[in-house]
Amino acid sequence: MAEAATEKFWDMIGDFETCMVTTRDGRQLRSRPMAPKISRARGEILFVTDRNSHKVDEIAADDQVACSFVQKEEYVAVSGTASVTNNRARIEEAWDAQAEAWMPGGKDDPNTAILVIRPNQAEIWDVTSNKISQAWEFAKAYVGDKPRPDTTENIKVDL
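Draft legend 1. Main features of helix H2 (residues 54-61). Those residues of H2 lying buried are Lys 55, Val 56, Glu 58 and Ile 59. Within H2, the buried residues cover an arc of 165° as seen down the axis, which keeps them to one side. Of the residues in H2, the exposed ones pointing more than 90 degrees away from the buried face are His 54, Asp 57, Ala 60 and Ala 61. As for H2, its buried residues are in contact with strand S1 (19-25), strand S2 (28-34), strand S4 (44-50), strand S5 (64-71), strand S6 (74-85) and strand S7 (112-127).

Draft legend 2. Representation of the environment of Ile 38 within the structure. Considering the arrangement of structural elements, one finds Ile 38 in strand S3 (residues 37-39). With relative accessibility at 27%, the residue Ile 38 sits in the partly exposed group. Taking the C-alpha atoms as reference points, Ile 38 and Gly 14, 24 residues apart in sequence, are found 6.2 Å from one another. For Ile 38, the contacting residues outside a window of four places in its chain are Trp 10, Ile 13, Gly 14, Glu 44 and Ile 45.

Draft legend 3. Representation of the state of the cysteines. Summed over all chains, the structure comprises zero disulfides. Cys 19 takes part in no disulfide bond, and the closest cysteine sulfur to it belongs to Cys 67, at a distance of 4.3 Å. Residue Cys 67 is classed as buried on the basis of its relative accessible area, which comes to 1%.

Draft legend 4. Seen up close, the environment of Ile 155. Relative to the assigned elements, Ile 155 resides in strand S8 (residues 152-158). Ignoring sequence-local partners within four residues, the contact set of Ile 155 consists of Ala 5, Lys 8, Ala 122, Glu 123 and Ile 124.

Draft legend 5. Seen up close, the nonpolar core. The biggest cluster of nonpolar side chains holds 24 residues, and the ones touching the most others in it are Phe 47, Phe 69, Val 76 and Ile 117. Elements represented by at least two residues in this core include exactly helix H1 (2-13), S1, S4, S5, S6, S7 and S8. Looking at this core element by element, the count peaks at five residues for H1. Once you skip the residues sitting within four places of it in the chain, Phe 69 turns out to touch Ile 13, Phe 16, Thr 18, Cys 19, Pro 36, Ile 45, Glu 74, Tyr 75, Val 76 and Val 78. Grouped together as the second largest cluster of nonpolar side chains are nine residues, Val 48, Ile 91, Trp 95 and Ala 99 included.

Draft legend 6. The packing of aromatic side chains, seen in detail. The tally for this structure, following the rule as stated, stands at two aromatic pairs. Consider the rings of Phe 9 and Trp 10, whose centres lie 4.8 Å apart with planes at 75°: the pair is edge-to-face.

Draft legend 7. Main features of the side chain of Thr 23. Inspection of the secondary structure assignment puts Thr 23 in strand S1. For Thr 23, the side chain forms a polar contact with the side chain of Arg 32, separated by 2.9 Å. Looking at Thr 23, its side chain comes within polar contact range of the side chain of Glu 58, at 2.3 Å. Those residues within four positions of Thr 23 in sequence are excluded, and the remaining contacts are Gln 28, Leu 29, Arg 30, Arg 32, Lys 55, Glu 58, Ile 59 and Val 65.

Parameters at a glance
- Residues numbered from 1 in each chain as written.
- Predicted model: local features only at pLDDT ≥ 70, side-chain atom pairs only at ≥ 80, totals over all residues.
- Heavy atoms only, no water.
- Buried < 20%, exposed > 50% of the residue type's maximum accessible area, 1.4 Å probe, protein only.
- Helix = DSSP H or I, 4+ residues; strand = E, 2+ residues; numbered from the N terminus.
- Arc of directions from axis to C-beta.
- Contact = heavy atoms within 4.5 Å.
- Disulfide = S-S within 2.5 Å.
- Core = buried A, V, L, I, M, F, W, Y, C linked by side-chain atoms within 4.5 Å.
- Phe/Tyr/Trp six-rings, centres within 6.5 Å; stacked < 30°, edge-to-face > 60°.
- Polar contact = N/O pair within 3.5 Å; in protein donor to acceptor, adjacent residues only side chain to side chain.

Written out as structure tokens, the structure reads:
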């Protein structure tokens, strides 16, 4: 079961175009949308970033991060550790047209870097029922036939 949950995690996050990356800025949490690139073989989530951004300083002070992925009826929350690298091969691996738009200096700019997140835990919510089944489940819960609607598969994954 654990292996299947891990595979489901990597399959799901590979389909997301954006996620919210949360870092700690002193006592405050800060989130920002970023475009993930998945390095499944290494078990990492990569993001092209600017080495001079606030998140780089925040990660240097506290490497614990969270990522929230949301689309349609799929939700994934990730906890992990982060680091930043200027490794040219890693930049090349994550580079695409979207990165080009955000990093006008290009992939060879010395300020272009990669935020690497190594997930250690995730939680998945995958809505498995159609709208009619969802309505039926909500109605049964409302009239007291069930303690809560059964519309979603929920899995916790240790990575």
